[in-house]
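Working through the structure, step by step
The lines below spell out each chain.
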Amino acid sequence: MAELSFKLASAQQKVNEFLQKYQLFIGECQIKVDPEVGEGTLATWQRPCVVVVKKPDVPESVIAHELVHILQQTLEVFAGYRWLYALLSEGLAEFIAQKLYPEHKIKHKLGRDLISVLYALDKNIVKEIIWLDNLKLAPQDIDLLLASPNVHPYWK
């Protein structure tokens, strides 16, 4: 367990260093092993700040990936944007993990690629995607959506 705690501390330090330029910070977290973590999944997280790994030998980059999700507070999907939300939230976690650990094995390549393109256009996209759950619509946004010919009448 000591080695796992070391991996958590190291990953947390690296993620916090990356996020520092955005004035973002992940506070004290814990890590635990649960062999019952879903099939095909190496790790997940639990509120408020616990990384849960399937096995103690999980790569440090996977822990870093989960730390990004802890900051995002993502588990469920946002509103009706399930696929876009997953692309953005998983893509950001993969992007940061691979930036910090070039050997990180990418599970969500399309999301990572999307974030890579957005990051190349504007590095501040990181902060916007971290706070995706806090997206607020103004009355003007709703009016634009309702007036759009691209929104199916059923959703209006």
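Residues take numbers from 1 onward in each chain, read along the sequence in its written order. Where totals are concerned, whole chains, interfaces and linings use all residues; where local detail is concerned, this predicted model gives features only for residues with pLDDT of at least 70, and gives and counts side-chain atom pairs only at 80 or more. Excluded from the side-chain calculation are hydrogens and water; included are all heavy atoms of the structure.

Observations concerning the overall build of the chain
Which entries qualify depends on this criterion: The way it works is that DSSP assigns letters per residue, a run of H or I at least four long becomes a helix, a run of E at least two long becomes a strand, and they are numbered from the N terminus. Accessible area is worked out with a 1.4 Å probe on protein chains only. A residue is then buried under 20% of its type maximum, exposed over 50%, and partly exposed in between. Two residues qualify as a contact provided that any one of their heavy atoms is within 4.5 Å of a heavy atom in the partner residue. Only the protein chains shown count as cover for residues, with accessible areas throughout obtained via the Shrake-Rupley method and a probe of 1.4 Å.
Within the chain, the secondary structure is distributed over six helices and three strands. Along the chain, helices (α) and strands (β) appear in the sequence α-β-β-β-α-α-α-α-α when read from the amino end. Classification of the 156 residues of the chain by burial places 39% in the buried group. Sequence separation of at least 24 residues holds for 50% of the intrachain contacts in the chain that already meet a minimum separation of 6. Carbon together with sulfur atoms contributes 59% to the accessible area of the chain, which is approximately 9700 Å² in total.

Quick notes on the state of the cysteines
Filter applied, for reference: Note on disulfides: each one is a pair of cysteine sulfur atoms within 2.5 Å.
Under the defined criterion, the tally for this structure stands at one disulfide. Put simply, Cys29 and Cys49 are joined by a disulfide, and their sulfur atoms are 1.9 Å apart. Of this pair, Cys29 sits in the loop between helix H1 (2-19) and strand S1 (30-33) while Cys49 sits in the loop between strand S2 (43-46) and strand S3 (50-53); the two residues are 20 residues apart in sequence, bridging distant segments of the chain. Since its relative accessible area comes to 10%, Cys29 is described here as buried.

Considerations on the pattern of salt bridges
Filter applied, for reference: Any Lys or Arg side-chain nitrogen found within 4 Å of a carboxyl oxygen on Asp or Glu counts as a salt bridge.
Inspection of every chain in the model, using the stated rule, returns three salt bridges. A salt bridge links Lys14 to Glu60, with the shortest nitrogen-to-oxygen separation between them at 3.8 Å. One end of the pair, Lys14, is in helix H1; the other, Glu60, is in helix H2 (residues 60-72), and 46 residues separate them in sequence. Each of Lys109, Arg112 and Asp113 takes part in a single network of salt bridges with overlapping partners.

Topic: the nonpolar core
Threshold: The nonpolar core is taken to be a set of buried Ala, Val, Leu, Ile, Met, Phe, Trp, Tyr and Cys residues, with the residues joined through side-chain atoms within 4.5 Å.
Counting residues in hydrophobic clusters, the biggest one holds 38 residues, and the most contacted among them are Leu19, Ile63, Leu67 and Val126. Put simply, the parts of the chain that give this core at least two residues each are H1, S2, S3, H2, helix H3 (82-100), helix H4 (109-121) and helix H5 (125-130). Element by element, the count of residues in this core is highest for H2, at seven residues. For Ile63, the contacting residues outside a window of four places in its chain are Leu4, Lys7, Leu8, Ala11, Ile31, Val51, Val53 and Val58.

Such coordinate-based values are descriptive only and should not be taken to indicate function.
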